[in-house]
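Here are the chains, one letter per residue:
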Amino acid sequence: MSGSTKTPELYVVGAGPGDPELITVKAYKVLQRADVVLYDNLANKELLDITRDECEKIYVGKHPYGSYTPQEKIHELIQEKALSKGTVVRLKGGDPYIFGRGFEEVLFARQHGIATYYIPGVTSMQASGLEDIPLTHRAVSEGIWAITGTKKDGSLSNDLRLAMQSNATVVIYMGMKKAVEIAETYRDAGNGNIPVAVVQHASLPHKKSVTGQVQDLPQLIQEHHLTHPALIIIGWVVGLEKNE
Ligand code: SAH
């Protein structure tokens, strides 16, 4: 490994929900001076155009239905590239610390003497506003409950049952494979008529957004051919614009 005279450093950077113009100025500036970018499949590839020609760009995506880069491999690359080249940017979709393993990468890098920095990103659920869905609204929602649909062991989070009893808007990340269970959970508790929205490719030109009742979630997804990446938003904040 050829050593670099530059200080080894890792920037864990939020790429935002998809629209490349939704990254932060800090993210933009660090991309301009990056020596290496390790990017996810949810980070918009257009962001790579910000980097210098000499910057090495390496795809380390984990697609839920396809190719998979093991976390250990990403760690190895962080170490190798920071030591040999200097500034490594780890570009992750949305915010790196919201259902991303950004913090594991930071801890790994620190253990190996690499300076670490975190640059927050706009998380994908915030793009629901672009669909006229505010995540809170004084009259109908007292908070937001963001949940992963798929836990480490593949099961649906138990928190969904708790969230359902609250007044909060429930946002499910990585939940598309759990649509049947989600609909059943709500229906069994007598909450099947709560509005739901499924937003795919939020903030991007080819986005798709549909609304209905949570008890019909699987049919909605099927009829409209919705797939990853998509968010499931459940609550009375969905459809508010129709009540104007
Ligand atoms: N760190 C990311 C989330 C990563 S988990 C963030 O802060 O947004 C991956 C999940 O994020 C997907 O399964 C999907 O539920 C959601 N997601 C990410 N980008 C999205 C987009 N543009 N549109 C809809 N959902 C998105």
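Computed from a predicted model, the values in this text were never measured in an experiment. Positions within a chain are numbered from 1, following the residues in the order the chain's sequence is written. Reporting of local features is limited, given that this is a predicted model, to residues whose pLDDT is at least 70; pairs of side-chain atoms are given and counted only at 80 or more, and all residues count toward the totals for whole chains, interfaces and linings. Side-chain calculation: all heavy atoms of the structure are included, whereas hydrogens and water are not.

### Points about the nonpolar core
Then, in step 1: Here the nonpolar core consists of buried residues drawn from Ala, Val, Leu, Ile, Met, Phe, Trp, Tyr and Cys, with membership extended through side-chain atoms lying within 4.5 Å. Type-normalised accessible area, obtained with a 1.4 Å probe on protein chains alone, sets the label of each residue: buried when under 20%, exposed when over 50%, and partly exposed for intermediate values. Formed by 24 residues in total, the largest nonpolar core has its most connected members in Ile182, Tyr186, Val198, Leu217, Ile232 and Ile234.
Then, in step 2: At the level of elements, α4 (159–164), β7 (169–173), α5 (179–188), β8 (195–200), α6 (217–223) and β10 (230–234) are the ones that each hand at least two residues to this core.
Then, in step 3: When checking whether two residues touch, look at their non-hydrogen atoms; a contact exists if any pair is within 4.5 Å. In this structure Ile182 touches Leu156, Leu160, Ile172, Gly175, Val214, Leu217, Ile232 and Ile234, once residues within four positions along its chain are discounted. Secondary structure elements are taken from DSSP: a helix is a run of H or I of four residues or more, a strand is a run of E of two residues or more, and numbering for both begins at the N terminus.

### Concerning the pairing of strand β4 (residues 87–92)
Then, in step 1: Taken across its six residues, β4 has six buried, putting it largely inside the fold.
Then, in step 2: Alternating residues of β4 divide into Thr87, Val89 and Leu91 and Val88, Arg90 and Lys92, and every residue in both groups is buried.
Then, in step 3: DSSP-based pairing: two strands are paired if at least 2 bridges between them are found. As paired elements, strand β2 (residues 36–39) and β4 share four bridges and run parallel to each other. If you follow Val37 over to β4, its bridge partner there is Val89.

### Observations concerning the layout of surface pockets
Space left empty within the atom packing is revealed by a probe, the size of a water molecule, rolled over the atoms.
Then, in step 1: Of the voids in this model, the largest pocket is the one considered here, and its volume is about 1,500 Å³.
Then, in step 2: Around the largest pocket, the lining comprises 48 residues; the ones closest to its centre are Leu42, Lys62, Phe99, Met174 and His228.
Then, in step 3: Broken down by secondary-structure element, the contributors of at least two residues to the lining of the largest pocket are β4 and β10.
Then, in step 4: Ten residues, namely Ala, Val, Leu, Ile, Met, Phe, Trp, Tyr, Cys and Pro, are considered nonpolar, four, namely Asp, Glu, Lys and Arg, are considered charged, and the remaining ones, Gly among them, are considered polar. Tallied by class, residues from the lining of the largest pocket come to 20 nonpolar, 17 polar and 11 charged.
Then, in step 5: A domain assignment, automatic or from a database, supplies the domain bounds used here. Taken domain by domain, the makeup of the lining of the largest pocket includes at least three residues from each of domain 1 (3–119) and domain 2 (124–243). The method works on a 1 Å grid over the protein atoms by themselves. A cavity is a set of points holding a 1.4 Å probe that cannot get out, a pocket is an open set with protein on both sides within 12 Å along at least five of seven lines, and residues with an atom within 4 Å of a point line them. Grid points are joined across faces, edges and corners, and a volume is the space filled by probe spheres set on the points.

### A look at the pattern of salt bridges
Then, in step 1: Put simply, a salt bridge is a Lys or Arg side-chain nitrogen that is within 4 Å of an Asp or Glu carboxyl oxygen. The full count for this structure, using the stated rule, is 12 salt bridges.
Then, in step 2: Residues Asp40 and Arg90 are paired through a salt bridge, measuring 2.9 Å at the closest nitrogen-oxygen approach. Of this pair, Asp40 sits in the loop between β2 and β3 (56–59) while Arg90 sits in strand β4; the two residues are 50 residues apart in sequence, bridging distant segments of the chain.
Then, in step 3: On the basis of relative accessibility, which here comes to 1%, the residue Arg90 falls in the buried class.
Then, in step 4: As a salt-bridge pair, Glu104 and Arg101 come within 2.9 Å of each other at their nearest N and O atoms.
Then, in step 5: Since its relative accessible area comes to 36%, Glu104 is described here as partly exposed.
Then, in step 6: When its relative accessible area of 35% is taken as the criterion, Arg101 is described as partly exposed.
Then, in step 7: The network of salt bridges with shared partners includes Lys6, Asp35, Arg52 and Glu54.

### Quick word on the environment of Asn193
Then, in step 1: Relative to the helices and strands, Asn193 resides in the loop between α5 and β8.
Then, in step 2: With sequence-adjacent residues up to four places away left out, Asn193 is seen in contact with Gln213, Gln215 and Trp236.

### Re helix α3 (residues 102–111)
Then, in step 1: If you check which residues of α3 are buried, you get Gly102, Glu105, Val106, Phe108 and Ala109. The buried side chains of α3 occupy one side of the element, clustering within an arc of 165° when seen end-on.
Then, in step 2: In this structure, the buried residues of α3 make contact with β1 (9–14), α2 (71–85), β4 and β5 (115–119).
Then, in step 3: At the C-terminal side of α3, Gly113 shows a positive phi close to 75°. Comment: arc refers to directions from the helix axis out to C-beta atoms.

### Notes on the domain arrangement of the chain
Then, in step 1: The assigned domain composition of the chain is domain 1 (3–119) and domain 2 (124–243).
Then, in step 2: One C-alpha centre belongs to domain 1, the other to domain 2; they are set 29 Å apart.
Then, in step 3: Each partner contributes residues to the interface: domain 1 has 13 residues there, and domain 2 has 14 residues.
Then, in step 4: Here's the idea: put two parts together, see how much 1.4 Å probe accessible area each one loses, and the total over both is what we call buried area. Contact between domain 1 and domain 2 buries roughly 990 Å² in total, counting both sides, with carbon and sulfur atoms accounting for 71%.
Then, in step 5: Joining domain 1 to domain 2, the criterion identifies zero salt bridges.
Then, in step 6: Counting of polar contacts relies on pairs of N or O atoms within 3.5 Å, with two restrictions inside protein: one atom must be capable of donating a hydrogen and the other of accepting it, and residues adjacent in sequence are counted only when both atoms are side-chain atoms. Scanning the region where domain 1 abuts domain 2 turns up two residue pairs in polar contact (both at pLDDT 80 or more).
Then, in step 7: Grouping the constituent residues of the side of domain 1 that touches domain 2 by class yields seven nonpolar, five polar and one charged.

### Here's the deal with the sheet that holds β5
Then, in step 1: Taken together, five strands build an open sheet; the order of strands is β3-β2-β4-β1-β5 and the sheet is parallel. Of all strands in the sheet, those with a lone pairing partner are β3 and β5, marking the two edges. Sheet twist, expressed as the average angle between the axes of neighbouring strands with direction ignored, equals 20°.
Then, in step 2: With four bridges joining them, β2 and β3 adopt parallel strand pairing. Within β3, the residue paired with Val37 across the bridge is Lys57.
Then, in step 3: Together, β1, β2, β4 and β5 form the strand contacts of helix α1 (residues 25–33), whose direction differs from that of β1 by roughly 135°. In this analysis, axes come from line fits to C-alpha atoms, helices being fitted only over the stretch in contact, and the angle between any two N-to-C directions falls in the range 0 to 180 degrees.

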